[in-house]
Amino acid sequence: MERGTRELAFAKLNLTLDVGEKRPDGYHNMEMVMQSVSLCDVVDITLTGDKALKVMSTDPNLPIGYHNLAGKAAVAFLDYVNETELGVEVYITKNIPDRAGMAGGSADAAAVIRGLDALLDTHLTLEELSHIGALVGSDVPFCLVGGTALAEGRGELLTELPPMPDCGILIVKPDFSVSTPALFAALDGCRVTERPDTGAALDALSSGDLKALAGSMANVFEEALPEAERRIIVDIKSALLSAGACGACMTGTGSAVFGVFPTLDDAKEADLSRFGLTFAVSPVKKFA
Ligand code: C5P
């Protein structure tokens, strides 16, 4: 008998992103203020009895099956709960741009973990779900809870923060992508001159001060980009600020850039479509 459920997979933005030293396990220590936003994929998860894993999506360019993070998440979850006879079908209606620094794949993986926990009535604790998520990718634990959080360690150590003040956010996804491991390697060889003031961002969240928060946003990966790509990011940030954003920043390892506006209408009115795909979104509060 087939049973299914539908989960929403919200995109994330990095309001701040700082990278520390490389660790013996090859990962870097991170310090990031993470924020969920209303742009989301729709993830349909169905349990089948035939032991097979199927992952499909509306985007023909995405990997299918185990090579998709959603497939890895399904296998990791079924292994953890010792349900190795079951099959899972995942169908992803993709809205979050791929290779944008918005954790689209990690959000889908988190949706599969949440969905399987519900379908199988396993009621795992958040710690157990996060443990499974961290096996799949560093951003998956955040995508399980969402909202506003400080992420440290590989990105999996989370501290809940006061919610981002109401605002509108315009995301711009230029037409190039950056390899995450390559950008970490470039950053290791680059002298960073501008780091985010994470303390200032935390203070701004505590006092609900949107302008101070927007002013504290920064991402060390911007300096590590190849020159041509870096110029595009700088141009988009300037255009966002000229269009009325109180702050602008690249998210993750890019290539999406976002600007924070006082209201959603302000974000919708800013026309930056000449730079690529655009999405006007709102912050989303914690969902687990
Ligand atoms: O954990 P995830 O699979 O998302 O990481 C992708 C790659 O990004 C890693 O293989 C590693 O090269 C790099 N990474 C890192 N430090 C982190 C997270 C990711 O070096 N904290």
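The coordinates are above.
So, here is what we can say about the structure in this document. For every chain, the first residue of the written sequence is number 1, and numbering continues from 1 onward in sequence order. In keeping with the model being predicted, local features are shown solely for residues with a pLDDT of at least 70 and side-chain atom pairs are shown and tallied solely at 80 or more, while totals for entire chains, interfaces and linings include all residues. Here the side-chain values reflect all heavy atoms present in the structure, with hydrogen atoms and water set aside.

Concerning the sheet that holds strand E9 (residues 247-250)
1) Next: Ordered by their spatial adjacency, four strands build an open sheet running E9-E10-E7-E11, and the pairing between neighbours is antiparallel. Edge positions in the open sheet fall to E9 and strand E11 (277-281), since each of these has one partner strand only. Mean inter-strand twist for the sheet, computed between neighbouring axes without regard to direction, equals 20 degrees.
2) Next: A pair of strands is treated as paired once DSSP finds two or more bridges between them. Elements are defined by DSSP. Helices are runs of H or I of four residues or more, strands are runs of E of two residues or more, and each kind is numbered from the N terminus. With four bridges joining them, E9 and strand E10 (residues 257-261) adopt antiparallel strand pairing. Across the sheet, residue Met250 finds its bridge partner in E10, namely Val257.
3) Next: When checking whether two residues touch, look at their non-hydrogen atoms; a contact exists if any pair is within 4.5 Å. Each axis is a line fitted through C-alpha atoms, and for a helix only the stretch in contact is used; angles between axes span 0 to 180 degrees, taken between their N-to-C directions. Contacts from helix H9 (residues 227-242) reach strand E7 (168-173), E9 and E10 within the one sheet, and its direction differs from that of E10 by about 15 degrees.

Observations regarding unusual backbone geometry
1) Next: Following Gly254, the chain continues to Ser255 via a peptide bond in cis, the omega torsion being 10 degrees.
2) Next: Mapped onto the elements, Ser255 comes out in the loop between E9 and E10.
3) Next: Backbone geometry places Ala103, a non-glycine residue, at a positive phi of 60 degrees.
4) Next: Secondary-structure assignment places Ala103 in the loop between strand E4 (87-93) and helix H2 (104-119).

Let's talk about the pattern of salt bridges
1) Next: Only one rule defines a salt bridge in this text: a Lys or Arg side-chain nitrogen within 4 Å of an Asp or Glu carboxyl oxygen. Considering all chains together, one arrives at 13 salt bridges under this definition.
2) Next: Between Arg114 and Glu7 there is a salt bridge, and its shortest N-O distance comes to 3.0 Å. Of the two residues, Arg114 sits in helix H2 while Glu7 sits in strand E1 (residues 3-22), which places them 107 residues apart along the sequence. Judged on exposure class, the residue Arg114 and its partner Glu7 are both buried.
3) Next: Arg195 serves as the salt-bridge partner of Asp18, at 2.5 Å between the closest nitrogen and oxygen. Here Asp18 is found in strand E1, whereas its partner Arg195 is found in the loop between helix H5 (180-188) and helix H6 (198-207), with 177 residues between them in sequence.
4) Next: A network of salt bridges, in which partner residues are shared, links Asp41, Lys94 and Asp108. Buried residues are those whose accessible area, probed at 1.4 Å on protein chains only, stays under 20% of the maximum for their type, while exposed residues exceed 50% and partly exposed ones sit between those limits.

Purely spatial values, then, with no claim about function.
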